[in-house]
Amino acid sequence: MRIKARAKINWTLDILGQREDGYHLMDMLMQPVSLADTITLTPAGELSLSTGGYPKLPANERNLAYRAAVALQEATGCRRGAAIHVEKRIPVGAGMGGGSADAAGVLAGLNRLWGTGLNQEQLEAIGLTLGADVPFCLRGGLTRTTGIGEKMVSLPCGRCYDLVVIQPCRGLSTSEVFAAYHEKENIPRPASDNAQQALASGDTALLATSLGNVLQAVSQDMRPPIGEAITALKQRGAITALMTGSGSAVFGVFATEEDARDIARSLRNHWASTFYCRTCPESLIITD
Ligand code: ATP
């Protein structure tokens, strides 16, 4: 079984509060993009993991793909095995949810391969124990996510967008970014309702003025190349450009596929980790 597990971007990221247990209450508009890892699942007596692609991650039991398989075994009592291979393409520590996408792909794929018969809601509940973005990666589509990642509303999207994604520097620690966020004042916030409306109608002017990510200012302070990459995308004609998740990847929205492909090609000379991609309806594509 082959699974395409897609990365995501945050059109918006806002923080509404913090629970007593430390979890942040978020408000995010997220959507899958065509940049994807490929997971292969082969029936086997035991669970095993191998990794390839770039960046090459250690194939150990801390990998979210492996942890997802163990979580499914534990939730269902199923003792079947599988050889899991993850071919990486999504940048790591980029705010593109690569680990979450892999976890979602393994959960959905093994649920089918093992015939464990969990429904979407049950899979999403297991996914949430692995990471806040896993339920979204299981569902896909343009989604507004609140709470700690468990409250999701699927939304209509008027059109597909051509993007240039850059990871201009190494990954950031999500917990350090959140800690720095609490020290910073006067952070501009996204107009999330307007962004939702802009995405539904395909109104790019409204989109450009309503997107935003409250973690961008602190991530930029910690890693100046993030701000430099956003400026470079805007200078090359992006309708808008901003950071995704807690960084370090940023993306620019371009008017046409040709523009986006040309800009990606030219910026790759400066930032090797530069990709053309487009927004997509589904986050997982499973082929038997
Ligand atoms: P998010 O947007 O969900 O915060 P991210 O894109 O910032 O995620 P990931 O690429 O998902 O970050 O990786 C975060 C951490 O998870 C890294 O330290 C990485 O080593 C670890 N990890 C474990 N398994 C995976 C996997 N299959 N793919 C990517 N990272 C993984």
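Going by the structure above, here's the rest.
As the structure is a computational prediction, the values presented were derived from the model and not from experiment. (Residues numbered from 1 in each chain as written. Predicted model: local features only at pLDDT ≥ 70, side-chain atom pairs only at ≥ 80, totals over all residues. Heavy atoms only, no water.)

Q: What exactly am I supposed to notice about the layout of surface pockets here?
A: In this model, the largest pocket occupies a volume close to 890 Å³. If you go around the largest pocket, you meet 38 residues; those closest to its centre are Ser100, Ala132, Asp133, Thr174 and Ser246. Those elements giving two or more residues to the lining of the largest pocket turn out to be strand 1 (2-18), strand 2 (24-44), helix 1 (64-76), helix 2 (98-113) and helix 5 (174-183). The residue inventory of the lining of the largest pocket, partitioned by class, reads 17 nonpolar, 16 polar and five charged. For the lining of the largest pocket, the domains that each give at least three residues are domain 1 (2-155) and domain 2 (162-278). Taken as a whole, the second largest pocket holds about 230 Å³ of empty space. Contributing to the lining of the second largest pocket are 15 residues, with Pro188, Leu211, Gly212, Asn213 and Gln216 lying nearest its centre. (1 Å grid on protein atoms, 1.4 Å probe; cavity = no way out; pocket = protein on both sides within 12 Å on 5 of 7 lines; lining within 4 Å. Points joined across faces, edges and corners; volume = space filled by probe spheres on them. Helix = DSSP H or I, 4+ residues; strand = E, 2+ residues; numbered from the N terminus. Nonpolar A, V, L, I, M, F, W, Y, C, P; charged D, E, K, R; others polar. Domains from an automatic or database assignment.)

Q: It is not clear to me how the pattern of salt bridges should be interpreted in this structure. Could you clarify?
A: Between side chains of opposite charge, pairing is possible as soon as their charged atoms come close. Enumeration according to the criterion identifies 14 salt bridges in this entry. A salt bridge links Arg144 to Asp27, with the shortest nitrogen-to-oxygen separation between them at 2.8 Å. You can see Arg144 sitting in strand 5 (residues 143-147) and its partner Asp27 sitting in strand 2, a full 117 residues away along the chain. Side by side, Arg144 and Asp27 carry an identical accessibility label, which is buried. Its salt-bridge partner being Asp262, residue Arg265 comes within 3.1 Å of it at the nearest N-O pair. With Arg265 and Asp262 both in helix 10 (residues 257-267) and three residues apart, this pair spans about one turn of that helix. Each member of the salt-bridge network shares a partner with another, and the members are Asp27, Arg144 and Asp193. (Salt bridge = Lys/Arg side-chain N within 4 Å of Asp/Glu carboxyl O. Buried < 20%, exposed > 50% of the residue type's maximum accessible area, 1.4 Å probe, protein only.)

Q: Explain the sheet that holds strand 9 (residues 240-243) to me, please; I cannot follow it from the model alone.
A: What the four strands build is an open sheet, ordered 9-10-7-11; its pairing is antiparallel. Here the strands that pair on one side only, and so sit at the sheet edges, are strand 9 and strand 11 (274-278). Taking each pair of neighbouring strands and ignoring which way they run, the sheet shows an average axis angle of 25 degrees. For strand 7 (residues 162-166) and strand 11, the ladder comprises five bridges, and the chain directions are antiparallel. Each bridged residue has a counterpart across the sheet, and for Val165 the counterpart in strand 11 is Phe275. (Pairing = 2+ DSSP bridges. Axes fitted to C-alpha atoms, helices over the stretch in contact; angles between N-to-C directions.)

Q: What should I look at first to understand the site of the ligand in this one?
A: Taken together, 18 residues sit near the ligand, with Asn63, Leu64, Lys88, Gly99 and Asp133 positioned nearest. Here a nitrogen atom of the ligand and a backbone polar atom of Leu64 are 2.8 Å apart. Ala94 has a polar backbone atom sitting 3.5 Å from an oxygen atom of the ligand. Its free accessible area being 610 Å², the ligand has 73% of it covered by the protein chains. Placement of the ligand is best described as lying within the largest pocket. Top contributing element to the shell around the ligand by residue count: helix 2, with four residues. In the shell around the ligand, the residues fall into six nonpolar, seven polar and five charged. (Near = heavy atom within 4 Å. Polar contact = N/O pair within 3.5 Å; in protein donor to acceptor, adjacent residues only side chain to side chain. Areas by Shrake-Rupley, 256 points an atom, 1.4 Å probe, with all protein chains shown as cover. Sits in = over half its atoms within 2 Å of the grid points.)

Q: Help me understand the pairing of strand 1, please; the structure alone is not making it clear to me.
A: Remember that side chains alternate between the two faces of the sheet whenever the strand is regular. Counting buried residues in strand 1 gives twelve out of 17 residues, a clear majority hidden from the surface. Note that strand 1 and strand 2 share 14 bridges and pair antiparallel. Bridging from a neighbouring strand, Gln18 pairs with His24 of strand 2. With four bridges connecting them, strand 1 and strand 12 (residues 284-287) associate as antiparallel partners.

Q: Can you help me understand the pairing of strand 7 in this one?
A: For strand 7, a buried count of five out of five residues is recorded, marking the element as mostly surrounded by other parts of the structure. Here strand 7 shows two buried faces, one formed by Asp162, Val164 and Ile166 and the other by Leu163 and Val165. Pairing geometry for strand 7 and strand 10 (residues 250-254), over five bridges, is antiparallel. Within strand 10, the residue paired with Ile166 across the bridge is Val250.

Q: Quick question: what am I supposed to make of the environment of Ala101 here?
A: Topologically, Ala101 is positioned in helix 2. Residue classification places Ala101 among the buried positions, given a relative accessible area of 1%. Excluding residues within four positions of it along the chain, Ala101 makes contact with Ala5, Arg6, Ile90, Cys137 and Leu284. (Contact = heavy atoms within 4.5 Å.)

Q: What exactly am I supposed to notice about the nonpolar core here?
A: In a soluble, globular protein the nonpolar side chains are often hidden away together inside. Trp11, Ile84, Met96, Leu107, Leu163, Leu215 and Leu233 are the most contacted members of the largest nonpolar core, which has 92 residues in total. Counting residues per element, this core draws most heavily on strand 2, at eight residues. The residue makeup of this core includes at least three contributed by each of domain 1 (2-155) and domain 2 (162-278). Beyond its immediate stretch of four places on either side in the chain, Met96 contacts Ala7, Lys8, Ile9, Val33, Leu35, Ile90, Pro91, Val165, Thr244 and Ala249. (Core = buried A, V, L, I, M, F, W, Y, C linked by side-chain atoms within 4.5 Å.)

Treat this as a map of the structure, not an account of what it does.
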